[in-house]
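Spelled out, the chains give:
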Amino acid sequence: MKIESLDLPDDVIRFYLDSGIEELYPPQAEAIEKGLIEGNNLLAAIPTASGKTLLAELAMLKAISKGGKALYIVPLRALASEKFDRFRSFSSVSVKPGENRGLRVGISTGDFESRDEWLGSNDIIVATSEKTDSLLRNETSWMQEITTIVVDEVHLLDSANRGPTLEVTLTKLMKLNPNCQIIALSATVGNAYEVADWLKAKLVLSEWRPTSLREGVYYGGNINFHGSQKLIDPRTNDDAVNILLDTLEEGGQCLVFESSRKNSVSFAKRAGAKVSETLDKLTRNALDELVEQIIENGETEAANELAKCVRNGTAFHHAGLNSAHRRIVEDGFRSNKIKVISSTPTLAAGLNLPARRVIIRSYRRYDPNYGMQPIPVLDYKQMAGRAGRPHLDPYGESVLIAKSYDEMAGLFDNYIDSDAEDIWSKLGSENALRTHILSTIVNGFATTRDGLLEFIEATFFAHQNDTWGIMDVVDECLDFLRDNKMLEGDEALLPTALGRLVSTLYIDPLSGAYMVDGLKKIKNPTTIGLLHLICKTPDMRQLYLRSNESEIINDIVMAHSDEFVEIPPRSKEMEYEWFLAEVKTALLLQDWVDEKPLDPITEKFNVGEGDVHAFADIAEWLMHSMSRLAGLIAPEMSTDVSNQTALLEKRIHYGASPELIELVSIRGIGRVRARKLYDNGIKTTDSIKEAGLERVSELIGPKTALKLFNEIGLHLDIRSEEPGKVNSQTMSSL
Ligand code: ADP
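If you're wondering where the values come from, they're calculated on a predicted model, not measured in any experiment.

Draft legend 1. The arrangement of unusual backbone geometry in detail. Despite not being glycine, E595 has its phi angle at roughly 65°, a positive value. Within the secondary structure layout, E595 lies in the loop between α23 (573-593) and α24 (598-605). The exposure class assigned to E595 is buried, which follows from its relative accessible area of 16%. With phi around 55°, N606 is a residue other than glycine that occupies positive phi space. A relative accessible area of 51% means that N606 is categorised as exposed.

Here it is, written out as structure tokens:
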């Protein structure tokens with residue numbers, strides 16, 4: 001089917017023809033035949049790189065040409081940026097009726113307690129599912145104008161963490177805009193028809209791929225495929241390294257999936273020695289540039305470790321990396337400078353980073369409850385599906401590694417020849433339901449218990465299960481909300497001011513209840529006590545407590561015992577251990593706000609730089625929430641902690657002590673440079689002006705100094721003879 005034959009505005013057709021897309025891929029053509037452009041709901045369950053995004057684009061562009069607006073929901077922030085960048089290329093496409101302008105695209109991933117009304121002027125808005133949920137809770141007005149919803153990675157309905165939010169958000173959106181077109185994009189899962197049925201969508205189910213995929217298992221010196229073998233030269237005693245070298249020899253790149261971060265780092269290091277021997281001069285120079293960028297963007301030993309690997313043409317990639325490093329690694333791989341990335345499975349979950357060969361070094365993963373467990377077929381397919389770059393590789397290959405013939409046979413049976421599992425709603429538990437029941441009531445989607453039942457009947461959970469069982473859980477949630485004064489009434493369910501606030505803050509009501517209780521009880525509010533209060537909530541990610549840490553943390557608790565709201569008795573062992581883990585998490589945050597450098601923090605807590613930022617992000621949101629709750633319940637508190645929580649929120653944001661807040665609040669000044677200025681007597685905006693550009697340049701470097709002066713309203717006109725050196729004589733103050 002030709003792009004030109006589609007009922008789309010000329011500008012759209014031209015856009016695609018100019019980008020070299022003339023013919024639709026078979027699954028895309030099937031989607032058109034099933035009414036994609038006429039506005040039918042559609043679920044496309046097809047492999048990665050088979051053109052799902054383009055399919056969604058066609059529906060969105062058609063809708064916009066008829067005056068509509070599209071919302072594109074993704075599971076991860078990184079994916080939101082990727083899609084946002086892609087859709088920005090429509091800025092030259094003019095399809096809006098009566099308006100002679102290109103398409104406007106917005107992205108919404110930030111603060112939870114905001115409406116982002118300003119985004120409403122866009123034609124396409126990209127948002128994570130959590131952010132979409134929070135926009136609905138905050139009753140953002142443009143939500144009602146949405147005519148097309150795209151849900152990327154809809155199979156994540158099955159995820160215990162994120163599935164319930166996605167499910168409830170979709171249910172709300174369908175209630176809010178019943179005539180909205182829904183395009184759901186999914187990996188191939190066992191029961192795609194069931195999801196399609198729930199969404200009242202036509203199903204496009206296909207295994208078609210633009211680049212063929214050969215799935216094999218390495219055993220006995222060969223990669224064994226169905227019906228063929230590929231001999232691998234045993235150059236080293238590491239099978240995966242040998243497979244990698246073979247790929248490079250064929251001109252390809254490799255993605256290696258490991259079961260843990262530690263293994264992904266050690267593979268990148270190990271492979272580096274051999275890969276570096278294969279690099280030409282040009283690539284070496286290009287890699288040296290990447291190394292510089294990595295060092296510039298890193299404060300920790302991990303940056304040096306990564307730099308060492310990248311110099312050799314290898315890299316590791318996991319959630320412990322900071323976001324700049326992740327981007328450098330991804331871009332370096334896309335531009336074929338980095339030859340191999342060894343990664344935890346995070347990379348398979350969404351980023352568009354295909355490679356000629358994918359090596360799955362471990363098909364087992366650690367589960368805290370059950371130890372090492374084989375991964376689901378769906379995860380295997382997601383990883384294997386990364387093999388083969390469309391238009392660049394003649395084919396893609398995925399390789400599992402077996403140690404025995406029997407293991408190989410098992411891998412063929414259980415993965416290569418198996419279909420992905422069915423997906424199941426995870427909405428049925430109290431933990432999943434509590435928050436969504438509150439928001440459903442607050443936003444008026446249900447105002448009585450019967451109304452709630454009706455709402456639940458519309459979820460994917462009810463589509464798959466009888467609902468009689470779930471009403472017990474719903475009643476437990478309602479009791480909890482009433483007991484904690486978030487809800488009133490038996491017949492009519494009325495949210496209280498507290499309930500409304502908890503819902504818009506986007507925190508679990510259990511977190512809200514802990515915070516309110518703690519704020520009322522706290523007598524001696526200190527940094528560690530307040531940090532612990534947020535670390536106790538189910539919304540906080542928890543650090544793992546090692547057995548040899550219990551005593552050290554216990555000593556800290558004893559030394560500060562009057563600062564914690566409540567300490568469980570030591571006799572309740574499990575509870576006490578859990579408490580110590582919460583304190584450990586609070587101690588990490590305390591180091592962060594006390595300006596401890598990242599390197600010792602990462603070492604002490606055995607985490608990556610990216611983790612510290614992730615902890616700080618969640619903590620900032622929770623401290624903000626606690627600050628807002630403190631404002632609401634002020635009369636009931638024995639001590640006014642509002643100022644303290646508000647200051648702590650800022651300190652968590654910047655990772656800085658109170659005295660630095662004025663300086664770090666100036667854009668472009670991080671905590672390290674701010675500290676340098678402060679320790680040299682430059683403590684306020686006024687004192688920056690007094691000190692002058694020359695002095696400030698000496699302390700924090702000329703480039704940053706210039707930015708800083710511009711930021712505080714002193715616009716500079718620099719005509720320095722030597723590049724990089726600024727001359728205060730040329731400064732003109734406005
Ligand atoms: P998915 O979202 O399924 O991973 P994408 O839509 O991102 O896949 O498509 C993968 C690549 O294939 C993109 O570079 C896209 O431009 C290209 N592509 C998609 N459809 C076509 C087509 N019909 N013809 C040629 N290239 C296409």
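After that view, the rundown keeps rolling.
Draft legend 2. Fine view of the packing of aromatic side chains. This structure, assessed with the given rule, holds 11 aromatic pairs. Centre to centre, the rings of W198 and F460 are 5.4 Å apart; their planes meet at 45°, and the pair counts as tilted. Here F460 lies in helix α17 (residues 460-464) and W198 lies in helix α7 (residues 192-198), a separation of 262 residues in the sequence. Accessibility expressed as a relative area gives 0% for F460, which makes it buried. Between F445 and F455 the ring centres are 6.2 Å apart and the planes differ by 55°, which places this aromatic pair in the tilted class. With a gap of 10 residues between them, F445 in the loop between α15 (430-442) and α16 (449-457) and F455 in helix α16 connect regions that are remote in the sequence.

Draft legend 3. Inspection of the side chain of R651 at higher detail. With respect to the helices, strands and loops of the structure, R651 is situated in helix α26 (residues 642-654). On the basis of relative accessible area, R651 is assigned to the buried category, the value being 7%. If we ignore the near neighbours within four places in the chain, the residues touching R651 are T527, W592, V593, D594, A656, S657, P658 and I661.

Draft legend 4. Focus on the site of the ligand. In the region of the ligand, 14 residues are neighbours, and E23, Q28, A49, K52 and T53 sit closest. Between Q28 and the ligand, the recorded distance is 2.9 Å, taken from a side-chain N or O atom to a nitrogen atom. At 3.3 Å from an oxygen atom of the ligand is found a main-chain nitrogen or oxygen belonging to L54. No other element matches the 3 residues that helix α3 (residues 52-65) contributes to the shell around the ligand. Split into classes, the residues belonging to the shell around the ligand amount to 6 nonpolar, 6 polar and 2 charged.

Quick notes on the rules
- Residues numbered from 1 in each chain as written.
- Predicted model: local features only at pLDDT ≥ 70, side-chain atom pairs only at ≥ 80, totals over all residues.
- Heavy atoms only, no water.
- Helix = DSSP H or I, 4+ residues; strand = E, 2+ residues; numbered from the N terminus.
- Buried < 20%, exposed > 50% of the residue type's maximum accessible area, 1.4 Å probe, protein only.
- Phe/Tyr/Trp six-rings, centres within 6.5 Å; stacked < 30°, edge-to-face > 60°.
- Contact = heavy atoms within 4.5 Å.
- Near = heavy atom within 4 Å.
- Polar contact = N/O pair within 3.5 Å; in protein donor to acceptor, adjacent residues only side chain to side chain.
- Nonpolar A, V, L, I, M, F, W, Y, C, P; charged D, E, K, R; others polar.

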